[in-house]
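Residue strings, one per chain:
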Amino acid sequence: MYLFLVDLRSVTDERYRYWERLIPELHAHHLMGEIREVESNAALVQVVAESLKKARYKTIVAVGDDAFLAALAGATLEAGTALGYVPLGERCAFGWAADLSATPGMVGAKLAGRKLKTFDLFRIGRWYVVDGLHIGYLRQYVENFRPTEGMSLGKSWQRLKASALFWQQTEKFTVELQLGEAELRATVSSLSILNAARLGSRCIPGGQVSPQDGLLSVLLLNPGSAATWQKLLQDPGKLFASPERMSHLRLKECVVRLAQALPVWVDGQEVQMGREFGVRVIASAFRLIV
Amino acid sequence: MAKNIDSDQYPNILGQGTKLKGELSFSENVMIDGEMEGNVTVVGTLVLGEHALLTGGIDAKNVQVQGTVKGKIKANGLVSLSATAHVSGEISCTLISIQEGAILEGKVAMQKDAKQMGMPEPLMDGEDSK
């Protein structure tokens, strides 16, 4: 029997009705133990603490988006409880990358199958993160060119063209990264720190951003220009993966310093972050049914 | 851009426009095409692109230079200087390849005889292998 936690912040009325359609399926697989609805991370932590104390459920399932799963993974970090995830909404990139879906007929069987995989988790300030952090172009890219479930990014030429033109128009900013004993400074259009990303095929050498390698994937995109756009037309296969256009580092931790406070997206949600914050990976932090 | 380099082989890339100060160690291949001041240690291969300017020491398995290095290069394997390379400093390696046009201001110390390691002898440009 599983405990299902429904995040009322991300599960809107329409999605709630969708979620209710899944409930009979969960009963049919004898998974349904209890449903608890929460409206804050503090409530989530409290419910999880109660559940762990009673040791009543061997699995806790997040029904919501990536940010909710990340908060649940953070709350169960020490206990190591097996987790499930029913991705509901538009900000579920991690869930989709892990091949999870909320499609009726598939959710119950997958959760009952209990095929567990271990994943990394990021700690950024007080936030736990499963998917990644974006500042600048890629943050706006995700907002404007948001992927939908079951759709791979960038197969459309028009989409590529629109996104590259958008890149040219994005304002640049200066960032410093403290990397152990070294300091990196660059003027960029985008900073992303990724755990798992479908953007990877376009941006990352090799196209891989693994949430299981115990590393942060730090991606800096240079400011776009007409010249780089012309080169993209000649070689559109890799949108950014070139030392002309980007830098990419695989690290365990770093400190980010910004010249000015900028909007920061964490797991698809805009959060308040200062001009300086640390990011570190917690390797093999949680077990998830996939 | 670095010539004839498949960026997929380099999980770490310090691209153009980056400026790095300090000591860095990598356990995977690295490509640097920006500016760096400090020492870099790489377990695998280090490629310095045409736009790279590195002031400091290098310790890597293999080093391919297309840009500028001001400092000592130490490699357990091959050091390769492309036609656009400019190295000011000592090179210590097992194998070396220098293309016509490369500038080397410093001496080269070969660590071991390539034959002892079962490797082919280094060739000068234009020389046929037998």
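These numbers come from a predicted model, not from an experiment.

A. Expanded view of helix 1 (residues 13-28) of chain A. Residue and element names in this part refer to chain A. An ideal rise of 1.5 Å per residue puts 22 Å on 16 residues; helix 1 measures up with 24 Å between its terminal C-alpha atoms. Bending of helix 1 peaks at approximately 25° at the position of L22, with proline P24 no more than four residues after it. Every buried residue belonging to helix 1 is among Y16, W19, L22, I23, E25 and L26, and all of these are buried. Looking one or two places after helix 1, you find H30, whose phi comes out positive at around 60°.

B. Main features of the confidence of the model for chain A. Mean pLDDT over chain A stands at 85; residues scoring 70 or higher make up 80%. When the criterion is pLDDT under 50, residues 147-151 of chain A qualifies, and its contacts beyond four places in sequence or with other chains add up to 13 contacts.

C. The nonpolar core, seen in detail. Of all hydrophobic cores here, the largest spans 59 residues; its most connected members are I193(A), V256(A) and I58(B). Residues within four places of V256(A) in sequence aside, it is in contact with V175(A), E176(A), L177(A), L191(A), I193(A), R275(A), E276(A), F277(A) and V279(A).

D. Representation of the environment of Q111(B) in the model. Residues and elements named next belong to chain B. Within the element layout of this structure, Q111 appears in the segment after strand 16 (108-110). The spacing of Q111 and A75 is 36 residues in sequence and 9.1 Å in space, taken between C-alpha atoms. If sequence neighbours within four positions are ignored, Q111 has contacts with K74, A75, N76, S92, C93 and T94.

E. How the structure looks around unusual backbone geometry. Residues and elements named next belong to chain A. Within the chain, A55 stands out as a residue other than glycine whose phi angle is a positive 50°. Counting through the fold element by element, A55 comes out in the loop between helix 2 (41-54) and strand 3 (59-64). According to the relative accessible area criterion, A55 is exposed, its value standing at 62%. Located in the positive-phi region is R114, a residue other than glycine, with phi close to 50°.

Cut-offs used in this document
- Residues numbered from 1 in each chain as written.
- Chains lettered and ligands numbered in written order.
- Predicted model: local features only at pLDDT ≥ 70, side-chain atom pairs only at ≥ 80, totals over all residues.
- Heavy atoms only, no water.
- Helix = DSSP H or I, 4+ residues; strand = E, 2+ residues; numbered from the N terminus.
- Expected span 1.5 Å × (residues − 1).
- Bend = angle between axes of the 7 residues up to and from the residue.
- Buried < 20%, exposed > 50% of the residue type's maximum accessible area, 1.4 Å probe, protein only.
- pLDDT = per-residue confidence, 0-100.
- Contact = heavy atoms within 4.5 Å.
- Core = buried A, V, L, I, M, F, W, Y, C linked by side-chain atoms within 4.5 Å.

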